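Chain residues, written in single-letter form:
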Amino acid sequence: MGEPMCANLLAKSGLPVCGADYDPAPLRALEERGLESLDGASAVGAHADLVFVCVANADQLDEACFGSGGLLVNGHRVRVIVDCSTTSVERTREFARRAHEFGVIWVDAPVARMREAARNGTLLFMVGADARLYESLSPLLRCMGSDIVHCGPSGSGQVVKILNNKVLIEAVHSLAEALAIARGAGVDGEVLFDALGKGSADSKALRFQGVKHLLPGDFPPRTFAAAYARKDMGLALELAGDVHVEAQCARTTAAILDEAIAAGYGADYYPVILRLIEAGANVGVKGESTA
């Protein structure tokens, strides 16, 4: 996600942009668009006042910002860090406190939507920041996203993003179950999803993950892996526990993701859970029993 986001900043912000990545390939591609490629996060911190960070998890975020080679080592000039990753609310607020000790403001601005949206500059940003800072950042966020939601103070962006992913992943779980049931009962999946799309069960999950991935059984790696989906369901369960909500739907979906990962599907696009559901029901792809 970070590479196309950075490409849109380069194309639309009118500002000089520098960057670093653990993987040199995105940097080479972005250099052709005008990026000043730097050797590591500490070099970025020495060059940039405002830094956008997009990594896979809280541990990577900790290392990138506070590690020995991170953004905030001695001599940094950073004033604002905008975290576009998805991490726990607790860790986000911890990072905000630690950044404050360095004189840096921490903003959580996790993103939603797929890589195509990142390429097209049509991401959704859910922002946790005070109102004045949110307004000042909005023009840059709009270089990368078409929808920007101010969710409240620090940590609020992560709350909304975690719950967005919770609802979506559970919806895909429900669609996968419905598809397996329909096929087992002798009803074509396309007929089922066409009918759902014309009724009150219509949703973006149906039209994208359902029609484009569940129906054809297309679960490509390097999309949004089952392992990442399980991480986000874990964050949702952690948040639910903090506010004393049982979250039974989340627990059930987390369990099927655990099964998918144990079966070797951890790197595949998370609607791959359909394979576990259909295997458990002995349902063939065309709706015929394999028993």
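First things first, this report covers the structure right here in the doc. Given the structure is predicted, the values throughout are model-derived calculations rather than measurements.

Summed over all chains, the structure comprises 14 salt bridges. Note that Arg-207 and Asp-202 form a salt bridge whose closest N and O atoms lie 3.2 Å from each other.

Time to look at the packing of aromatic side chains. Applying the stated criterion to the full structure yields 7 aromatic pairs. Considering the side-chain rings of Phe-66 and Phe-102, the 6.2 Å spacing of their centres and the 45 degrees angle between planes classify their relative orientation as tilted. With a gap of 36 residues between them, Phe-66 in helix H4 (residues 58–66) and Phe-102 in the loop between helix H5 (89–101) and strand S5 (105–108) connect regions that are remote in the sequence. Using a relative accessible area of 15% as the deciding quantity, one classes Phe-66 as buried. The interplanar angle of 75 degrees and the centroid separation of 5.3 Å between the aromatic rings of Tyr-269 and Tyr-270 together place this pair among those described as edge-to-face. Taking the relative accessible area as the measure of exposure, Tyr-270 reaches 2% and is therefore buried. Joined through ring pairs, the aromatic side chains of Phe-66, Phe-95, Phe-102 and Trp-106 make up one cluster. Just above the ring of Phe-66 sits the side chain of Arg-98; from NZ or CZ to the centre is 4.2 Å.

In terms of residue burial, strand S7 (residues 123–128) counts as a mostly covered element, since 6 of its 6 residues are buried. Of the two faces of S7, the one lined by Leu-123, Phe-125 and Val-127 and the one lined by Leu-124, Met-126 and Gly-128 are each fully buried. As paired strands, strand S6 (residues 111–112) and S7 are joined by 2 bridges and run antiparallel to one another. Across the sheet, residue Ala-112 finds its bridge partner in S7, namely Leu-124. Pairing of S7 with strand S8 (residues 145–152), which is carried by 6 bridges, proceeds in the parallel orientation. In the strand pairing of S8, Phe-125 is matched with Ile-148. For the handedness criterion, the β-α-β arrangement of S7, helix H7 (residues 131–144) and S8 is classed as right-handed.

The rules behind each value
Residues numbered from 1 in each chain as written. Predicted model: local features only at pLDDT ≥ 70, side-chain atom pairs only at ≥ 80, totals over all residues. Heavy atoms only, no water. Salt bridge = Lys/Arg side-chain N within 4 Å of Asp/Glu carboxyl O. Phe/Tyr/Trp six-rings, centres within 6.5 Å; stacked < 30°, edge-to-face > 60°. Helix = DSSP H or I, 4+ residues; strand = E, 2+ residues; numbered from the N terminus. Buried < 20%, exposed > 50% of the residue type's maximum accessible area, 1.4 Å probe, protein only. Lys NZ or Arg CZ within 6 Å of the ring centre and 35° of its normal. Pairing = 2+ DSSP bridges. Right-handed = clockwise from strand over helix to strand, strands pointing away.

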